[in-house]
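Each chain, written out:
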Amino acid sequence: MLLREVDYARPATVEEAISLLATYDGARPLAGGQTIVNVMKARAAAPDVLVDLADLAELRAIGFSSDGLLEIGAMVTYAQLMGSSEVDVARPILAEVCSTIGDVQVRNRGTVGGNVCVSDPTNHLPPLLVALGATFTIRGENGERTISADEFFIGVYMTAVGEGELLTRIAVPPSSGAGDGFAGLTIGRHGTYIVNAAATISGDGVRIALGCVGATPVRATAMEERLAGGDFSEASIRAAAKGLGALLDPPSDVHGSADFRRDLAEVSAVRAVRQAAERRKDA
Ligand SMILES: Cc1cc2nc3c(=O)[nH]c(=O)nc-3n(C[C@H](O)[C@H](O)[C@H](O)COP(=O)(O)OP(=O)(O)OC[C@H]3O[C@@H](n4cnc5c(N)ncnc54)[C@H](O)[C@@H]3O)c2cc1C
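These figures come from a predicted structure and were not determined experimentally. (Residues numbered from 1 in each chain as written. Predicted model: local features only at pLDDT ≥ 70, side-chain atom pairs only at ≥ 80, totals over all residues. Heavy atoms only, no water.)

**Looking at the site of the ligand**
Near the ligand there are 27 residues, and of these Pro29, Gly33, Ile36, Tyr78 and Thr111 occur at the shortest range. The contact in question runs from an oxygen atom of the ligand to an N or O atom on the side chain of Tyr78, over 2.5 Å. At 3.4 Å from an oxygen atom of the ligand is found a main-chain nitrogen or oxygen belonging to Gly102. In isolation the ligand exposes 980 Å². Once the protein is present, 84% of that is buried. (Near = heavy atom within 4 Å. Polar contact = N/O pair within 3.5 Å; in protein donor to acceptor, adjacent residues only side chain to side chain. Areas by Shrake-Rupley, 256 points an atom, 1.4 Å probe, with all protein chains shown as cover.)

Okay, here's the thing in structure tokens:
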């Protein structure tokens, strides 16, 4: 299907991009275009102006902040992230999970910023970034602010990025001996998840985030508290996950009933925490 007529701008700086987004009510950022072009074709969204972020080199960088956080620009593609030595050293789970997103074309075009800004409950990165305790930097005409992953995701296709603003980068703490895990059930080999779970075990305890069971990633705080004592034996992890499903209110659809998702959430959380426990450097 052909797109409705739309204006197109390709700014050379982040400031110019923000100015365009702030000036035109119907302006939307264009990152990899994997989602926004499809929703435009389906007539589910009709922006007046697409502000293409392709030339903004600042948003394509991967590096470290002065305090040692791994910083990933919003326009970094999954393929770029998978080939990054910085990611490999600091938080390899990011590359591992990105390597399972869609297919080669999606991984070559799709961006980390687009993945989180679309806030699709079935996307891979939102629960992972919540579990890792990532922070998100958003820039607008009035300056820059940084918020936690827990605050970033507001609803389906809704995030803390306001009109006229851009997500510029995501910062992830280096693993420093922490163990990370990711597990779930997909529709097909490289498919969308029916339910997934991400977990990280560090000196601060365990963080567990579930995907596809609500509009935004859901922290499994009851399970986290039960594991706070630091016993990550198989029996302890299984006991901590008991009853997790009953606390959730997942959707039912053609891929699985709400009850199936509740069961799957418990199984996925157990697998993600077990993997994280096995991968801890001090395990
Ligand atoms: C066939 C197919 C299979 C897929 N499978 C998976 C999968 O298995 N798992 C998965 O996680 N994803 C999957 N996706 C989604 C894919 O990862 C998309 O790339 C992603 O959801 C959107 O990223 P994008 O860079 O293409 O963003 P776009 O489509 O360009 O943008 C998405 C939205 O985010 C906004 N936006 C983008 N960047 C910024 C920014 N820096 N600041 C503010 N707003 C911004 C845009 O305005 C738009 O509203 C799949 C997509 C396709 C087409």
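**Considering empty space enclosed by the protein**
Here the structure, examined in full by the defined rule, presents one cavity of 30 Å³ or more. Its boundaries defined by the atoms lining it, the largest cavity holds a volume of some 30 Å³. In terms of residue class, the lining of the largest cavity is built from three nonpolar, no polar and two charged. (1 Å grid on protein atoms, 1.4 Å probe; cavity = no way out; pocket = protein on both sides within 12 Å on 5 of 7 lines; lining within 4 Å. Points joined across faces, edges and corners; volume = space filled by probe spheres on them. Nonpolar A, V, L, I, M, F, W, Y, C, P; charged D, E, K, R; others polar.)

**Quick look at the side chain of Asn123**
One can find Asn123 in the loop between helix H7 (112-117) and helix H8 (125-131). Look at Asn123 and you get buried, because its relative accessible area is 17%. For Asn123, the side chain forms a polar contact with the main-chain oxygen of Asn115, separated by 3.2 Å. With residues near it in sequence (within four places) discarded, Asn123 still touches Asn115, Val118 and Asn196. (Helix = DSSP H or I, 4+ residues; strand = E, 2+ residues; numbered from the N terminus. Buried < 20%, exposed > 50% of the residue type's maximum accessible area, 1.4 Å probe, protein only. Contact = heavy atoms within 4.5 Å.)

**Observations regarding the packing of aromatic side chains**
Summed over the entire model, instances satisfying the criterion amount to four aromatic pairs. Measuring from centroid to centroid gives 5.6 Å for Phe182 and Tyr193, while their planes differ by 75°, and the two rings are edge-to-face. Of this pair, Phe182 sits in strand S11 (residues 179-186) while Tyr193 is found in strand S12 (residues 193-202), placing the two residues 11 residues apart along the sequence. The exposure class of Phe182 is buried, given its relative accessible area of 11%. Aromatic ring contacts, followed pair by pair, group Phe136, Phe152 and Phe153 into a single cluster. (Phe/Tyr/Trp six-rings, centres within 6.5 Å; stacked < 30°, edge-to-face > 60°.)

**Re the packing of helix H11 (residues 234-241) against helix H12 (residues 258-279)**
Any two packed helices are characterised by how steeply their axes cross, that is the angle between the axes, and by the distance between the axes. Relative to each other, H11 and H12 sit at 145°, their axes nearing to 9 Å. Remark: the crossing between H11 and H12 carries right-handed chirality. Residue-level inspection shows Glu234, Ile237, Arg238 and Ala241 of H11 in contact with H12, the latter providing Glu266, Val270, Val273 and Arg274. Across the contact of H11 with H12, the residue classes break down as four nonpolar, no polar and four charged. (Axes fitted to C-alpha atoms, helices over the stretch in contact; angles between N-to-C directions. Left-handed = near helix turned anticlockwise from the far one by under 90°.)

**Let's talk about the pairing of strand S10 (residues 166-172)**
Of all the seven residues making up S10, six are buried; the element is thus mostly covered by neighbouring parts of the structure. Two strands pair when backbone bridges link them, and strand S5 (residues 70-73) and S10 are joined in this way by four bridges, in the antiparallel orientation. Bridge pairing in S10 links Ile72 to Ile170. Pairing geometry for strand S6 (residues 135-140) and S10, over five bridges, is antiparallel. Paired with Thr135 across the bridge in S10 is Ala171. (Pairing = 2+ DSSP bridges.)

**With respect to helix H1 (residues 14-23)**
Every buried residue of H1 is accounted for by Val14, Ala17, Ile18, Leu20 and Leu21. Each buried residue of H1 sits inside an arc of 160° when the element is viewed along its axis, so together they form one side. On the buried face of H1, the contacting elements are strand S1 (7-9), strand S2 (27-30), strand S3 (49-52), S6 and S10. (Arc of directions from axis to C-beta.)

**Concerning the nonpolar core**
Counting residues in each nonpolar core, the largest one holds 40 residues, and the members touching the most others are Leu94, Leu125, Phe136 and Phe152. Leaving out residues up to four positions away in the same chain, Phe152 has contacts with Val116, Cys117, Phe136, Ile138, Ile147, Met158, Thr159, Ala160, Val161 and Leu167. By size, the runner-up hydrophobic cluster in this structure holds 27 residues, among which are Ala199, Ile201, Leu210 and Leu264. (Core = buried A, V, L, I, M, F, W, Y, C linked by side-chain atoms within 4.5 Å.)

**Considering the sheet that holds S5**
Strand order in the open sheet formed by five strands is S4-S5-S10-S6-S7, and the pairing between neighbours is antiparallel. The open sheet has two edge strands, strand S4 (62-64) and strand S7 (143-148), and neither has a second partner. In this sheet, neighbouring strand axes are inclined to one another by 25° on average, regardless of whether the strands run parallel or antiparallel. Two elements, S6 and S7, share six bridges in a ladder whose sense is antiparallel. The residue bridging Thr137 from the neighbouring strand is Thr146, located in S7. Across the sheet, H1 is in contact with S6 and S10; its angle to S10 comes to roughly 130°.

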